[in-house]
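# Secondary and tertiary structure notes
Spelled out from the first residue to the last, the chains are:
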Amino acid sequence: MSKPAILVARAVFPEVIALLEQHFQVDDNQADLPLTSQDLAQRLQGKTGALTTGSERIDAAALDAAPSLRICANMAVGFNNFDVQAMTVRGVLGTNTPDVLTESTADFGFALLMAAARRVSESEHYLRAGKWGRWSYDLFAGSEVHGSTLGILGMGRIGQGIARRGAHGFGMKVIYHNRSRLSRQLEADCRARYVDKDELLETSDHLVLVLPYSPASHHAIGAAELARMKRTATLINIARGGIVDDAALALALREGRIAAAGLDVFEGEPKVHPGLLDVPNVVLTPHIASATTPTRMAMAKLAAENLIAFLGGGRPLTPINPEVLK
Ligand code: 8YV
């Protein structure tokens, strides 16, 4: 029997390609050439499965070009690149990669928080530019991290990881807002107190965004929300571009309406709002919060295992739309 044909849309670890080749005829993209939506639709033709990343949009047009497609395994926990409804209607399963990236991503959220609050990037640029003359009492004085109030918007697994780091490692008071409240047990583990969004905005010294992107979370942080925040506050976005109104944030940073920001995700990335590129008090990174080698390997393997399990007639490990399995 011939092996099912799959597309691996982006370059991944050669070991993962070798694993997939044991089960499938693999059309890979190890040269990592950018695929336009037309390229993607064309490469999906005749495929039963696909391993995608956040860069590939799987929508009705892509699905209609690939009537034999049965599964798209996203190498990401977020799946706002999938039109899940269009997939479900066509009986196409989606899977994602939760859990394996939680701790590394929470580490990175904390790295951005520390870097923004303690002005790490800004001061390094100053030093590299040869501007360091001598010590002074207020040279790059930032805001306190330990003992401060850590706010978290979106309290899924990554939010909880950040809360634990803040509460247990840095003695921070943790407050959070989420669509639903955590169980008492989880709140106790995270030492986190549920508050409404206004209290979160007004009370946080450091506000970390970890909520999924959806039309409902579009510009959840815009000019009005930024205006409610403390002038000394920092804002960290490791969630998705579009959750923050980047133009409003650039202006708020320029005008000192908040102290600093750390951003790993951007509206329309890889483009970055030009207003963010020329304000000093923001740390900017290219969507790398999950980027440790072991974590990226675990993500790629989990995506591959979802393909192998499902197309081999078994249960996928992390389905997004399990109703397709019925
Ligand atoms: C990925 C992410 O690197 O998992 C997610 O949702 O944002 C990142 O870990 C990115 O989406 C590539 O697929």
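Residues numbered from 1 in each chain as written. Predicted model: local features only at pLDDT ≥ 70, side-chain atom pairs only at ≥ 80, totals over all residues. Heavy atoms only, no water.

This brings us to helix α13 (residues 293–311). A rise of 1.5 Å per residue sets the reference length of α13, with its 19 residues, at 27 Å; its end C-alpha atoms lie 27 Å apart and thus fit the reference within 8%. Regarding α13, the residues found buried are T295, M297, M299, A300, L302, A303, A304, N306, L307, A309, F310 and L311. Of the surrounding elements, those touching the buried residues of α13 are β1 (5–8), α1 (14–21), β3 (49–52), β4 (71–74), β5 (93–95) and α5 (102–117). Remark: G313 follows α13 within two positions and exhibits a positive phi of approximately 95°. (Helix = DSSP H or I, 4+ residues; strand = E, 2+ residues; numbered from the N terminus. Expected span 1.5 Å × (residues − 1). Buried < 20%, exposed > 50% of the residue type's maximum accessible area, 1.4 Å probe, protein only. Contact = heavy atoms within 4.5 Å.)

Another point: the domain arrangement of the protein chain. Here the domain parsing of the protein chain yields domain 1 (5–100 + 293–325) and domain 2 (102–284). The gap between the C-alpha centroids of domain 1 and domain 2 is 31 Å. Between domain 1 and domain 2, the contact holds 6 residues from the first and 5 residues from the second. Carbon and sulfur atoms make up 38% of the surface buried where domain 1 meets domain 2, a total of about 540 Å² over both sides. It is N80, D99 and T295 that lose the most area in domain 1 upon contact with domain 2, and together they represent 68% of the buried surface on that side. In this assembly, domain 1 and domain 2 are joined by 1 salt bridge. A salt bridge links R157 to D99; the nearest nitrogen and oxygen atoms lie 3.3 Å apart. Inspection of the region where domain 1 meets domain 2 yields 4 residue pairs in polar contact (both at pLDDT 80 or more). Of the residues contributing to the side of domain 1 that touches domain 2, the split by class is 2 nonpolar, 3 polar and 1 charged. (Domains from an automatic or database assignment. Buried area = accessible area lost by both parts, 1.4 Å probe. Salt bridge = Lys/Arg side-chain N within 4 Å of Asp/Glu carboxyl O. Polar contact = N/O pair within 3.5 Å; in protein donor to acceptor, adjacent residues only side chain to side chain. Nonpolar A, V, L, I, M, F, W, Y, C, P; charged D, E, K, R; others polar.)

Of all hydrophobic cores here, the largest spans 52 residues; its most connected members are L20, L150, I152, I162 and I238. Among the secondary structure elements, those contributing two or more residues to this core are β1, α1, β4, α5, β6 (149–153), α7 (157–170), β7 (173–177) and α13. Of the residues that make up this core, three or more belong to each of domain 1 (5–100 + 293–325) and domain 2 (102–284). Residues contacting I162, with those up to four places away along its chain left out, are A106, F110, L150, I152, V208, V210 and I238. Membership of the second largest hydrophobic core comes to 29 residues, among which are V195, L201, M229 and A248. (Core = buried A, V, L, I, M, F, W, Y, C linked by side-chain atoms within 4.5 Å.)

For the coordinates displayed, the defined rule picks out 3 aromatic pairs. Ring centres 4.9 Å apart and planes at 25° place the aromatic pair F110 and F170 in the stacked group. Placement of the pair is F110 in helix α5 and F170 in helix α7, with a sequence separation of 60 residues. On the accessibility criterion, F110 (5% relative accessible area) is buried. The interplanar angle of 75° and the centroid separation of 5.3 Å between the aromatic rings of Y176 and Y194 together place this pair among those described as edge-to-face. With a gap of 18 residues between them, Y176 in strand β7 and Y194 in strand β8 (residues 192–194) connect regions that are remote in the sequence. By relative accessible area, Y176 is classed as buried at 0%. (Phe/Tyr/Trp six-rings, centres within 6.5 Å; stacked < 30°, edge-to-face > 60°.)

This paragraph deals with the environment of M75. Summarising the element assignment, M75 is placed in the loop between β4 and α4 (84–89). Classification of M75 as buried rests on a relative accessible area of 12%. When the C-alpha atoms of M75 and P98 are compared, they prove to be 9.4 Å apart, with 23 residues separating the residues in sequence. Filtering out sequence-adjacent residues up to four positions away, M75 remains in contact with V12, L51, T52, T53, T97, R296, M299, A300 and A303.

With that out of the way, let us pick up the sheet that holds strand β9 (residues 206–209). A sheet is described by the order of its strands in space; here 7 strands give the open sequence β8-β7-β6-β9-β10-β11-β12, paired in parallel fashion. The open sheet has two edge strands with one neighbour each: β8 and β12 (282–284). Here the average twist between neighbouring strands, direction ignored, is 20°. Of the strand pairs in this sheet, β9 and strand β10 (residues 234–237) are connected by 4 bridges, and their pairing is parallel. Among the inter-strand pairings, L207 is bridged to a residue of β10, identified as L235. Contacts from helix α11 (residues 246–254) reach β10, β11 (260–263) and β12 within the one sheet, and its direction differs from that of β11 by about 145°. (Pairing = 2+ DSSP bridges. Axes fitted to C-alpha atoms, helices over the stretch in contact; angles between N-to-C directions.)

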